[in-house]
Structure formats: structure tokens, C-alpha cells
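# Tertiary structure, described
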There are 2 protein chains.
Amino acid sequence: MQAPVKVGICGLGTVGGGSLRLLLGNADEIARRAGLPVEVVRVATRRPKAAKETVRTDSGIALGDDPFAVVNDDDVQVVVETMGGFEPAFEVVGQALANGKQVVTANKALIAERGDELFEIAERHGTTLAYESSVAGGIPIIKTMREGLAANRIEWLAGIINGTGNFILSEMAAGGRSFEDVLTEAQELGYAEADPSFDVDGTDAAHKLTIMASIAFGIPLQFAATYTEGISALVPEDLAYAEELGYRIKHLGIARHTGKGIELRVHPTLISKRWLLSEVAGVDNAIVVKGHAVGTTMYQGPGAGSDATASAVVADVIDIARQLRAGAAQPLVPALHYHGAASKLPVVSIDGIESECYLRIPVLDRMGVMARITRVLEQHAISIEAVIQKEVHGGSIPIVLLTHAVPDGNMNAAIAELGSLPDVVGPIGRIRVAPFSAGE
Amino acid sequence: MQAPVKVGICGLGTVGGGSLRLLLGNADEIARRAGLPVEVVRVATRRPKAAKETVRTDSGIALGDDPFAVVNDDDVQVVVETMGGFEPAFEVVGQALANGKQVVTANKALIAERGDELFEIAERHGTTLAYESSVAGGIPIIKTMREGLAANRIEWLAGIINGTGNFILSEMAAGGRSFEDVLTEAQELGYAEADPSFDVDGTDAAHKLTIMASIAFGIPLQFAATYTEGISALVPEDLAYAEELGYRIKHLGIARHTGKGIELRVHPTLISKRWLLSEVAGVDNAIVVKGHAVGTTMYQGPGAGSDATASAVVADVIDIARQLRAGAAQPLVPALHYHGAASKLPVVSIDGIESECYLRIPVLDRMGVMARITRVLEQHAISIEAVIQKEVHGGSIPIVLLTHAVPDGNMNAAIAELGSLPDVVGPIGRIRVAPFSAGE
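Described below are features of the structure shown in this document. Predicted model, so just to flag it, every value in this text is computed and none were measured.

### Digging into helix H11 (residues 236–244) of chain B
- Among the residues of H11(B), B:Pro236, B:Asp238, B:Leu239, B:Tyr241 and B:Ala242 are the ones counted as buried.
- Downstream of H11(B) by one or two residues, B:Gly246 has phi in the positive range, about 95°.

### Here's the deal with the environment of A:Ala122
All names here are of chain A.
- Residue placement: Ala122 occurs in helix H5 (residues 108–124).
- The exposure class assigned to Ala122 is buried, which follows from its relative accessible area of 0%.
- Counting along the chain gives 214 residues from Ala122 to Leu336, while the straight-line C-alpha distance between them is 8.0 Å.
- The residues touching Ala122, leaving out its near neighbours within four places in the chain, are Leu97, Thr127, Leu129 and Ala335.

### A word on empty space enclosed by the protein
- By the definition in use, this model includes four cavities of 30 Å³ or more.
- One number sums up the size of the largest cavity: a volume of about 570 Å³.
- Considering the residues around the largest cavity, the lining is formed by 40 residues, among which A:Glu147, A:Leu332, B:Lys143, B:Glu147 and B:Leu332 are closest to the centre.
- Of all the secondary structure elements, the ones that give two or more residues to the lining of the largest cavity are strand S6 (129–130), helix H6 (141–148) and helix H12 (306–325) of chain A together with strand S6 (129–130), helix H6 (141–148) and helix H12 (306–325) of chain B.
- For the lining of the largest cavity, the class distribution of residues is 21 nonpolar, six polar and 13 charged.
- Roughly 120 Å³ of volume is contained in the second largest cavity.
- If you trace the second largest cavity, you find it lined by A:Arg146, A:Ile215, A:Val333, A:Pro334, A:Leu336, A:His337, A:His339, B:Arg32, B:Arg33 and B:Arg322.

### Quick notes on helix H1 (residues 14–25) of chain A
All names here are of chain A.
- Compared with an ideal rise of 1.5 Å per residue, which puts twelve residues at 16 Å, H1 spans 16 Å between its outermost C-alpha atoms and is within 8% of the ideal.
- Of all the residues in H1, the buried ones are Gly16, Gly17, Gly18, Ser19, Leu20, Leu22 and Leu23.
- Lining the buried residues of H1 we find strand S1 (5–10), helix H2 (27–34), strand S2 (38–44) and H12.

### Details of the relation of the copies chain A and chain B
- Expressed as a screw operation, the relation of chain A to chain B combines 0.0 Å of axial shift with a rotation of 180°, fitting to an RMSD of 0.0 Å. Here the symmetry operator amounts to a two-fold rotation axis. Distance from the rotation axis, computed per C-alpha, reaches its smallest value in chain A at A:Ala328: 1.9 Å.
- A shared interface surface links the copies, since 100% of the contact residues of chain A are contact residues in chain B too.

### What to know about the interface of chain A and chain B
- Residue-level contacts link 59 residues of chain A with 59 residues of chain B.
- Between chain A and chain B, a total of about 5,000 Å² is buried, with carbon and sulfur atoms accounting for 53% of that surface.
- Broken down residue by residue, the surface that chain A buries against chain B is led by A:Arg32, A:Arg33 and A:Leu332, which jointly contribute 14%.
- Viewed at the interface, chain B and chain A are joined by two salt bridges.
- Note that B:Glu147 is salt-bridged to A:Lys143, the shortest N-O span being 2.6 Å.
- The tally of links from chain A across to chain B stands at 24 residue pairs in polar contact (both at pLDDT 80 or more).
- Counting residues per element, the ones that place at least two in the side of chain A that touches chain B are H1, H2, H6, helix H10 (203–217), strand S12 (295–302) and H12 of chain A.
- In terms of residues, the side of chain A that touches chain B owes the most to one element, H12(A), which gives ten residues.
- Each residue belonging to the side of chain A that touches chain B can be placed in one class, and the counts come to 28 nonpolar, 19 polar and twelve charged.

### Examining the pattern of salt bridges
- Summed over all chains, the structure comprises 56 salt bridges over all chains.
- The partner of B:Arg114 in a salt bridge is B:Glu117, with the nearest N and O atoms 3.0 Å apart. Residue B:Arg114 and its partner B:Glu117 are both found in helix H5 (residues 108–124); the two are separated by three residues, about one turn of the helix.
- When its relative accessible area of 23% is taken as the criterion, B:Arg114 is described as partly exposed.
- A relative accessible area of 37% means that B:Glu117 is categorised as partly exposed.
- In this structure, the salt-bridge partner of B:Lys143 is B:Asp319, at a minimum N-O distance of 2.7 Å. In this pair, B:Lys143 is assigned in helix H6 and B:Asp319 in helix H12, connecting sequence segments 176 residues apart.
- According to the relative accessible area criterion, B:Lys143 is buried, its value standing at 5%.
- Through salt bridges with shared partners, a single network forms among A:Lys143, A:Arg146, A:Glu147, A:Asp319, A:Arg322, B:Lys143, B:Arg146, B:Glu147, B:Asp319 and B:Arg322.

Calculation criteria
- Residues numbered from 1 in each chain as written.
- Chains lettered and ligands numbered in written order.
- Predicted model: local features only at pLDDT ≥ 70, side-chain atom pairs only at ≥ 80, totals over all residues.
- Heavy atoms only, no water.
- Buried < 20%, exposed > 50% of the residue type's maximum accessible area, 1.4 Å probe, protein only.
- Helix = DSSP H or I, 4+ residues; strand = E, 2+ residues; numbered from the N terminus.
- Contact = heavy atoms within 4.5 Å.
- 1 Å grid on protein atoms, 1.4 Å probe; cavity = no way out; pocket = protein on both sides within 12 Å on 5 of 7 lines; lining within 4 Å.
- Points joined across faces, edges and corners; volume = space filled by probe spheres on them.
- Nonpolar A, V, L, I, M, F, W, Y, C, P; charged D, E, K, R; others polar.
- Expected span 1.5 Å × (residues − 1).
- Least-squares fit on C-alpha atoms with pLDDT ≥ 70 in both.
- Buried area = accessible area lost by both parts, 1.4 Å probe.
- Salt bridge = Lys/Arg side-chain N within 4 Å of Asp/Glu carboxyl O.
- Polar contact = N/O pair within 3.5 Å; in protein donor to acceptor, adjacent residues only side chain to side chain.

This is how it looks when you write it as C-alpha cells:
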């Protein structure tokens, strides 16, 4: 067998620590699959003393607190960046690439927001920047789209790509509990962070969607252009009414190639109960990809967790080890994966995207209210597909509607006008229906 | 961009024709993803005249009826074998590899039964034999296990890997119809072949399981050692009783790494309704893989169809094109992927495999029958977990049991003895329960 591939790790938190344990604990199997041994030679962590148990002094691994010592170590061929955040992660990855090293990162924010800059550095230095672990932990979705489905024009993809959010919605649906109540439980269980904003406001899902769309369509990373809506405005009644209408509500990231360009959007979405995706519950992730030749395929698994994410980090390391072993003169996967006509495709503004919509309108239960509401909708060219109005005596009642497809802009105008009716006594809930169905 | 990679295709049936159409029709996207153009230069088909519409004379593609003319063409770098069968496919692939060409095949029978010989030829000549399309059409499961989950020790995998069989079971469950009735419909719809034996007797699933297990565990291909049972003995009542007990019946291929070795088995299987896999209906395929680090992941999509399978064939061609473009001195994935200790793991005989079992015993409805049956089971150390005995007045009734885990050998002996009881008036149905659950 050939000489080992030498790896340095920057950051020994949950993912970095998990990756190190996996590389050490499964070394034989990894060597068999890579075709040569993979050896960790240097590790940087903010608290080297605390890491001494994992990185035993007799292991021959150099341990310190400076990530640049890893990046500038001539011995290190592959740098694993598991520090998270932008600073100094951007400089660490950039310097590693500039030094001609292969880099594996689990940093989705870094790739989604500054990936284009890093891909250019990688391209210039003929090296690889791999980031499988940045999306959907254990599901090898990047590789699947880039390689497994490479023969296809990807038409759309849709995913449950935030485990915390899916756990919250699953629990709200199962128990009729409020968002706040389930969020507190998720924090106690360790499924949600002390500051859960990125999970519940959609930022985390938008990071992942940005990355997947870039691979799927061959476009630059366009996090800023991604429409992002969180789940905190949902009430348990929404999940119950959706069920009654034949749907479940999932927080989806949707990327879609249409005649107008690329749709990039993250929002709560009604999906048909007949669709397998609607059954994915708890902290799991699942992504559906539609290719023009292959049809619809689905990938489901743990979206997070140290071991699942480490599995993806180490898979990237093994891919690179294989490449080094094969003596490839240039990277197998070009660092700049977008160029040509496709890369110029515009991102469509949410205002112009048409969706069927679920509306929950809290009104005072009085004569003629339904007529006044449908008149407003009619004025905005919105037609109604289904209505649920339960008999409640006195006080405020919700009118629940399912509309035919309507551009987002029209719907916003209609909602604003409805909100100004004296009948309407609270904020109007609006949830878009998925633009594709189980059979598609 | 670099000079094109030159491809020859042997066999223009459903899959070969689909692959050619995909390579021609999506050439730009394929070139973008591969990093260089992929050009078909020669095609062999049994009926060249009939193929003239697909292979236009002005396309510059040489068209003939001799696959060896493709294999021996110095211009051809990649040979796609889509002829099917063993002869002359084995010689065609073998000669192509011996000529140092990269080979892509969709031929699952060939790989499952003679793959080991072909891998050795590929290894000797430093070339690649790719076969993603041989298993589960559009689902890139080979790549996923070999690369995406490469950091893991695979503990088990289980799959619905025959679309025809899954269609038949789904229809039997939904409509209470008989096996023969649904099979006839499947043939009319084109889901089942005129001779459906490989689909319904499990041979097709066993071919695919053999290939997946070889990749998952790093063992040689052991088709002959795979326990194989079909679906033709199932009656609609089995599906109804299973539902009542909280299960669905799927025809699964199961490969499992236990302390005793590797289990390789294809048989109808009870799986919990709470498991997402139980919801996969119709002609779709789905495969669940359990890795020690990643946990449980599932991959679902079309299991067959010319376009889905062609998508996998062309993905293999693109992988090879990338490898040629990168100037790799040796194949990225070693042709002989098994060696070392793992490759010596024994295949466990079905007799020693323990399963909980569903039993349907047709008996005469008379005094003491249940006691006589449970006594036989007790003598074979089989304990009962659940019983369904519906009141039917007079004549024969089914006793339906769910047992605790029992070695297959014991169960066979018990079934033989039960069959000799005067109470028992027909063949006993036995279906094994999946050895893992949704949460595992």
C-alpha cells in the first residue's frame, strides 16, 4: 500500500471531534476504501488542553491552538476546516487553498455566503474545496447531484433541510402544541440551540438551499437572492387544517428551474399527504430531486449530529485521498463548477412566483363576512379551490381557504386589503402549496 | 475545453437506446459537468437498419452489428455494454477491458454472476468497470455506498429492489386481489415481462443484492450463496393480516453484517408501518442503508425504465470522462474493491438466521386445535407474540401467529410437523419480520 495521505484538522468542536474520532476509529476500513491509509498529523483547537483525551500524546498528532500552523504545515496535504463562522475560517481556508492544499469544510455559512471567492482561489491553485457535510449531514446529496445524477438537467429540488424546524413542526402537528412550547422542548432535548434564530427564521435552510441550487443548476451561490421565511408564525391550527385539506406542512427549501429563471425560496409549504416527503418526521432531513431523465428521487436521513456530519467530512477526505492515490494531474471536480450560459440564469423574485395558497383569516362571525372576503380575493384575480369554515358561536372564527395559483405579489396585495377589512381581527396566515406533486 | 472522450455502445435496446439519446440530447450539460465533451463514435446493434433513426447517418457515428468492432476500435476509450445476457456480453466486456478500455455496463446478471472474473481482468489492465445502472436504475446507490458513505462500517442494508414485485404487492394490498390477477395486469401495463419468473421468483432482486453487498462489505460477489424466495406464494389475506398486526409486506433484499458473518437474503418481509420504507409503493425502488457513523439513510426512486437506467449509465460515463480529463495514472476506484480480512467473511446459511415470523396456518375449526398448534411450536422452542383467530363458523379457518425470534431451521422443522397435524388443511404461510426497526 502507498504512503498515507496526511490530514490536518482545524477546529475540534462537535463536527471536528467527530471527524477525528471517525478517522482514528475506522482507520482500517477507510484505508481499504481509499486505497491508502489516511493519517491525521496535526490538529488545531481553541482549547488544546481539553482535547488531550481525544488526541493522545502518544498518537504522534501535533496539537496546538493555531489553525494557520495546520494550514502552513508542509506535511499536511488535506486541511479539514471544522471551526465554523466566517472569521478566521475564511482566511484559514483561503490560505490552505493558496498553499495548494486540498480542503474539506463543513461550514455551510462560509460556503453559501463566501464560497464563490473560495472556489476561485481553489481554481487558481488547481486544488479542491469539498463541502459535502455542509448540507444535510449524513445524506450525500452534493455528490448525488454532481455525480450520480450528472446526466440530468435538474428541473427542481425540494428539501426538508433543517432538522430542528422539522422536529418542531412534527411535534406541533402530532400534539397540537404551540410553536413556543415545542421550541422550549427542542432546546431541552438539545435539538435546538440556545439562540435558535438561524433554525427557525430559515437562514440555516437558505444556506443549504443556496449550496444545493448552485450544484444542481450550475449557478453561482446566491444566498442574498434566496427568499427566506421561517416557521415561527405558524399556529397548531394551521397544521390541523392542512391535514383536513389533504396536506402536511413542512418547512421546505425549494429550487426550481423555470422558463423565467431559477426560483430560490425557503418557506413553510403545504405538501400532499400522498407524497412520501410528507411522512418525514422528527429531526430527519429529506431531499427530493427531479431530473429530466431519472425522474423523481428522494434521499432521507439524519440532518445533523456529530457522527452523521463527520461521516460526510470523512467521505470528502476519502474522495481526495483516492484522487491523490490515482495521481490525478488536476482536480477531478473543477473547483469552479459553474460557467457558460447556465451560470447567468437570473434568480426569479418571489413576487412573480405563482403558488396555490392556504389562507387562514381570523374574522368576526357576522353576516356577509365570507362574501366580503371573496370579493377582495376576486378583485385580485384570486379564485378559491376549497373552504373550511367551522361553526363557532359568537366571537372570532378562522376562515380557511385554499386558492388556485396566484403570483405572490397579487396575494400580498390581497392580504393587505383583507387585513384592513373591519371583519378581520388578527394577522392572516398564508402558506404556499408545493409547486409539484407526488406523481410528478 | 479538451478533446472529447470517445464512447462506443454495444446494444441499442431499451437501456442502450436511452443512453444514446441522453448522450446526444443533453450533450451541453454533460460536457459542462464532465469538464469535456463526450462523443459517441461507434454503435453496434443486432438490427443496424432499425437503429438508423436514432443513429443518423449524418451524425458521424459508425453503425454496425458487431460488438467486437466497437471493442477493438482504437478510437473508442469507453465501451458501454447494454446488450444484456451472458453471451457474448462476457466476452465483449472482457475483451474491452483487456484492450485497456474503460467499461460501463448495465448488466446485473453478468456482474452478479461473473463480476469477480471481470474485476480481475480490469485490475490486471489498470482500467475501470462501472455498473451503477445494474442496481435500482435511477438511484445512485453504488456510488452512495462506495463514496458517500465510505467513512462508515455498513451494518446492514435492506431494499425494495424489484419494481415489478413491489407493484404486485402494492396492488394486492390495496385491492385485496390475488397474485395471479395483479401479475396479469402488470404484464398488460408493461411492468412485468412476458416471462416474469426472474421478477417474481426473486432472482432479479438477488442479483442486485449480491452487487450491493459486495460494495457495502467489501466481499466477493456471492450470488449462489444468496437465499432467495419469491412472492408467488403470498395470498391477499397475508397482506390484510399483516396490516392488522401493524406491518406491511414488502419483497426485500437484506444484507447484514453480524458476528457470524454476512446474511444475504431475498424474501417477502414484514416491516413496521411506522417505517418510511413501508410507504414505498408501486414500481418504485427504495434502499435503506445503516452505517455505524451516519445512522440510517434511505434512497428512493424509479427502479427501472429506460430513462432512469440510462441516467445511471451516463453518470458512469461522466465519472470516467472526469477521470480521463484529470489525467489520473490509475483508476480512481480500484476494480478489485475487496481484499484483506473483510473479503473472507463467510455468508451465513439461512438455517441459522433468527427471525420473528408471521405464520398463517389453515386449520379445521374444531376443539383444541389452537392447543395442538401451540404445543408443536413450544416443542421447537418457538414462543408466540400475537395471535389473530377470527370466528368463522364451520369449515377451514386461518390461524395467524406472530412469533418471537427463532432460527430458520427450527421454524422449518416446526412447519413440517404442523403440516402433518390432521387439523391443518393447506400449505402454511410463513413470512419473516425485518430484523431491524424504524428507529434503529
